[in-house]
Amino acid sequence: MSRTPPDGTRYVLPDAAARRIEVVAALRALYGSWGYDLVEVPALERYDPAHPREAQSFKLSDRDSGVLALRSDFTPALAQLVRAHHPAVAAGARRPLRWQYAGTVWHAIDPELARTREFTQVGLELIGVSNARADAEILHLARESVRTVGLRPRLEVGNPGFVRALLDVAGVPDGQRDALADAIDRKDRRDLADRLASFGTGREGVDRALLAVPDLYGGIEVLDHARQVAPWPAAQREIDRLAGVLAEFEDASELMLDLAMARRLSYYTGVTFRAYTPDFGQPLLGGGRYDGALLPAAAGFSIGVERLIQATRALPPAPEPTPRVIALDDPAARVLRAAGVRVVRALHADLEGARDEARARSAPFVLVDGRLLSVDAAGADAAELAVLSALLEGAREGAPGASDGDGPRGDP
Amino acid sequence: MSRVPRLVLALPKGRVMEQSLEVLRAAGLRLETGTGARALRYDAGDAVVIEMRNADVPTYVELGVADAGVVGKDVLLESGSRLVEPVDLGFAACRLSLIRPRGATGTIQRVASKYPRLTADYLRRVGSGAEVVKLSGNVELACVTGLADAVVDVVQTGATLAANDLEEVDVLLRSSARFVVNRAALKLKHETLRPLIEALRGLPGSF
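Residues numbered from 1 in each chain as written. Chains lettered and ligands numbered in written order. Predicted model: local features only at pLDDT ≥ 70, side-chain atom pairs only at ≥ 80, totals over all residues. Heavy atoms only, no water.

Colleague: Give me unusual backbone geometry: which residues, what numbers.
Modeller: Residue and element names in this part refer to chain A. With a phi close to 70°, Ser 65 is a non-glycine residue in the positive phi region. Residue position: Ser 65 is located in the loop between strand S3 (59-61) and strand S4 (67-70). Even without glycine at this site, Asp 279 takes up a positive phi of about 65°. Along the chain, Asp 279 turns up in the loop between strand S10 (272-277) and strand S11 (280-289). (Helix = DSSP H or I, 4+ residues; strand = E, 2+ residues; numbered from the N terminus.)

Colleague: Report on the packing of aromatic side chains, specifying residues and quantitative values.
Modeller: Residue and element names in this part refer to chain A. According to the stated counting rule, one finds 5 aromatic pairs over all chains in the structure shown. Ring plane angle 10° and centroid distance 5.4 Å describe the contact between Tyr 267 and Tyr 290, whose orientation is recorded as stacked. Taken together, the positions of Tyr 267 in the loop between strand S9 (255-258) and S10 and Tyr 290 in the loop between S11 and strand S12 (298-304) put the pair 23 residues apart, joining distant regions of the chain. Judged by its relative accessible area of 11%, Tyr 267 is buried. Owing to a relative accessible area of 3%, Tyr 290 belongs among the buried residues under this scheme. (Phe/Tyr/Trp six-rings, centres within 6.5 Å; stacked < 30°, edge-to-face > 60°. Buried < 20%, exposed > 50% of the residue type's maximum accessible area, 1.4 Å probe, protein only.)

Colleague: An account of the packing of helix H6 (residues 174-185) of chain A against helix H7 (residues 189-199) of chain A is needed here, citing residue identities and associated values.
Modeller: All names here are of chain A. For the pair H6 and H7, the least separation of the axes is 9 Å and the interaxial angle reads 150°. As the angle between them shows, H6 and H7 are arranged roughly antiparallel. H7 is crossed by H6, and the crossing has left-handed handedness. Where H6 approaches H7, its residues Gln 176, Ala 179, Leu 180, Ala 183 and Ile 184 are matched on the opposing element by Asp 191, Leu 192, Arg 195, Leu 196 and Phe 199. Here the residues of the contact of H6 with H7 sort into 7 nonpolar, 1 polar and 2 charged. (Axes fitted to C-alpha atoms, helices over the stretch in contact; angles between N-to-C directions. Parallel < 35°, antiparallel > 145°, perpendicular 65-115°, else oblique. Left-handed = near helix turned anticlockwise from the far one by under 90°. Contact = heavy atoms within 4.5 Å. Nonpolar A, V, L, I, M, F, W, Y, C, P; charged D, E, K, R; others polar.)

Colleague: Mind laying out the interface of chain A and chain B, listing which residues take part and the relevant values?
Modeller: Taken together, the contacts link 29 residues of chain A with 25 residues of chain B. In total, about 2500 Å² of surface goes out of reach between chain A and chain B, with carbon and sulfur atoms giving 50% of it. For the pair chain A and chain B, the number of links is 11 salt bridges. The partner of A:Asp258 in a salt bridge is B:Lys187, with the nearest N and O atoms 2.7 Å apart. The interface formed by chain A and chain B contains 13 residue pairs in polar contact (both at pLDDT 80 or more). (Buried area = accessible area lost by both parts, 1.4 Å probe. Salt bridge = Lys/Arg side-chain N within 4 Å of Asp/Glu carboxyl O. Polar contact = N/O pair within 3.5 Å; in protein donor to acceptor, adjacent residues only side chain to side chain.)

Colleague: Explain the packing of H7(A) against helix H8 (residues 204-212) of chain A to me, and be specific about the residues and the numbers.
Modeller: When two helices pack together, their arrangement is given by the angle between the helix axes and the distance between those axes. All names here are of chain A. Between H7 and H8, whose axes approach to 10 Å, the crossing angle comes to 160°. The orientation of H7 relative to H8 falls into the category roughly antiparallel. Crossing handedness for the pair H7 and H8: right-handed. Of the residues in H8, those in contact with Arg 189, Leu 192, Ala 193 and Leu 196 of H7 are Asp 207, Leu 210 and Leu 211. A per-class count over the contact of H7 with H8 returns 5 nonpolar, no polar and 2 charged.

Colleague: Outline the pattern of salt bridges, listing residues and values.
Modeller: Taken as a whole and judged by the stated rule, the model has 50 salt bridges over all chains. Here A:Asp73 ties to A:Arg53 by a salt bridge, and the two come within 3.4 Å at their closest N and O atoms. With A:Asp73 in the loop between S4 and helix H2 (74-85) and A:Arg53 in the loop between strand S2 (44-46) and S3, the pair connects residues that are 20 residues apart, well separated along the chain. The buried category is assigned to A:Asp73, whose relative accessible area is 7%. Measuring nitrogen to oxygen at the nearest pair gives 2.5 Å for the salt bridge that ties B:Glu85 to A:Arg186. Residue B:Glu85 is located in strand S5 (residues 84-88), and its partner A:Arg186 is located in the loop between H6 and H7; the two belong to separate chains. Using a relative accessible area of 3% as the deciding quantity, one classes B:Glu85 as buried.

Colleague: Pulling in residues and values, what's your account of the domain arrangement of chain B?
Modeller: All names here are of chain B. Per the domain assignment, the segments making up chain B are domain 1 (7-92 + 176-201) and domain 2 (94-175). The C-alpha-based centres of domain 1 and domain 2 are spaced at 29 Å. At the interface, 10 residues of domain 1 touch 10 residues of domain 2. Both sides together, the interface formed by domain 1 and domain 2 hides about 810 Å², and carbon and sulfur atoms give 50% of it. Among the residues of domain 1 in contact with domain 2, Asp 74, Leu 77 and Glu 78 are the three that bury the most area, contributing 64% of the side total. Counting the contacts that link domain 1 with domain 2 gives 0 salt bridges. One can count 6 residue pairs in polar contact (both at pLDDT 80 or more) joining domain 1 with domain 2. A per-element tally of the side of domain 1 that touches domain 2 places helix H3 (residues 73-79) first, with 6 residues. Of the residues that constitute the side of domain 1 that touches domain 2, the class distribution is 3 nonpolar, 4 polar and 3 charged. (Domains from an automatic or database assignment.)

Colleague: Can you break down the sheet that holds S9(A) residue by residue, with the values?
Modeller: Residue and element names in this part refer to chain A. The sheet built from 9 strands is open, its strands ordered S1-S5-S6-S12-S11-S10-S7-S9-S8 with mixed pairing. Strands with a single pairing partner mark the edges of an open sheet, and in this sheet they are strand S1 (37-38) and strand S8 (217-218). Note that strand S7 (residues 154-158) and S9 share 3 bridges and pair parallel. Residue pairing in the sheet places Leu 155 in a bridge with Leu 255 of S9. Where helix H1 (residues 14-33) meets the sheet, its contacts fall on S1, strand S5 (97-106), strand S6 (118-127) and S12, and the angle it forms with S6 comes to roughly 0°. On top of the sheet, H2 reaches S5 and S6; it is set at about 135° to S5, its chief contact. (Pairing = 2+ DSSP bridges.)

Colleague: Could you give an account of empty space enclosed by the protein, with specific residues and numbers?
Modeller: All names here are of chain A. Enumeration according to the criterion identifies 1 cavity of 30 Å³ or more in this entry. Space inside the largest cavity adds up to approximately 40 Å³. Contributing to the lining of the largest cavity are Glu 45, Arg 46, Tyr 47, Asp 48, His 51, Arg 53, Glu 54, Ser 57, Ala 69, Leu 70 and Ser 72. At the level of secondary structure, the elements contributing two or more residues to the lining of the largest cavity comprise S2 and S4. Classifying every residue of the lining of the largest cavity by side-chain character gives 3 nonpolar, 3 polar and 5 charged. (1 Å grid on protein atoms, 1.4 Å probe; cavity = no way out; pocket = protein on both sides within 12 Å on 5 of 7 lines; lining within 4 Å. Points joined across faces, edges and corners; volume = space filled by probe spheres on them.)

Colleague: Residue-level account of the pairing of strand S3 (residues 47-52) of chain B, with values.
Modeller: Residues and elements named next belong to chain B. Where burial is concerned, most of S3 is hidden: 6 out of the 6 residues are buried. Side chains Ala 47, Val 49 and Glu 51 of S3 all project onto a buried face; the interleaved residues Val 48, Ile 50 and Met 52 project onto the opposite face, where all are buried too. In terms of strand pairing, strand S1 (residues 7-12) meets S3 through 6 bridges, oriented parallel. In the strand pairing of S3, Leu 7 is matched with Ala 47. What sits between the antiparallel neighbours strand S2 (residues 41-43) and S3 is a turn of 3 residues, in which Gly 45 has the positive phi angle 115°.

Shown next as structure tokens:
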């Protein structure tokens, strides 16, 4: 029996495991604060030959001779969940569902080039709505996801609908569309020119437009270039769609447009994006709008957590969080902890001992008999003291008799 | 150029290295040649140059250790890496061909190649059930010694083939040197890369 786990899987030792939990928790909290509810789906799925990642799925035989597959992607599983529990949305009703997920996925691939076969995915889907504000919301969350782990985000945004519109205008035969879109996505003008020469759209203007698409990347000015390059109404509509999303985005300066983005042309229907960070050569997340692919209206993205963590390795280590309060009063401590304040229980029973502990841990306050005392006599922490005291006061007013002492409104 | 983030370039050893440096200079980069000391990674002025075997260039660029590089289209396709390849530099032109002993006509049973992936794709495409043997060195030898009854290899002038009484029976693809770019770098070092790409495209022989 080999001592190593199967190819493309690994053991995770305590430090790395703690880091992973921490990052997943931070992302979950971020999505929760934007109104995204956590859902869970089975890791074992019924094998489906039409699954978008069918070729990459691990198959297992079930005891009744059915075939199962290990989850290879959350999005199709969430689409199933929508069909089972929100049939109206699955049938096209416009009612927003904001869902987030986190868990393991498995890809049956050759574990080459720094790719593992088992990894953690966190992500979200905004289902049942399709408009510019929804797209912009997803883009905001993609950017915030990168910021949450302390990295500087740079978003690459495109709209494969633009390339699709041009291929339609050009009348590219079905058998050539994917190869042409792939050449555009790789900005391989040689390949593109050779292919166009081989089957000939017979329309010089369209050929010229297709050859210009690989260079339509950069800042917001790209939209104007695209309008000049592709004057056909179908193409203009797709440019307008992208412009509409950018108009709903709070700050477009961290965005880089690329109208040559054209991967999975038959899956993504609207805005698509990837996030990068300086000095890291691989995308941190990717996603987009896929109306009609699995559900009538849906957009989302997913993050490979291990890669995201790898990108944070160059960051200076985060300082160990210092406790804010050393507590001698347990009920009051519970109130502060419930509000997210880091409160450490004093190991000494007396005030002087607690003060010493606070100094040793750089905690600014001691909590005793329902009151906070500043350790620093100069009162540098007055603002924080006022906020935390108000929390304690609020709890006393909201829960009469909960604290000992003389009742809810003892002090004038 | 001092405030712009500096490029890291992956270049293959040998003659292509010289030609690559030449076109990059022509495109406006100030690049010194390595000092002759066998430094694998050196500061060449406007870019840091890493020197490697050509088959490793796609890996370095795909993983972002290098921002960009120069590699033959044949090697790039064999690697399976998806890189941005905005410029065909035109030099190092060659064909990747199926080669057999002159006059051979029987069914091909075994094909030797340094390009096992492209060879297998080709055999599938033409409906051949031949097996593929991966070799690293002088592939023609496989034909001459009877290890394989055909080989897939690069043909530049055809002189080696003639000398060994071999002939080119089919062309799999035409290759030339490509300027390849990491997708993240293209977006993160846009100010440096975009003008460089445009300048490279403007050189004679490039597309």
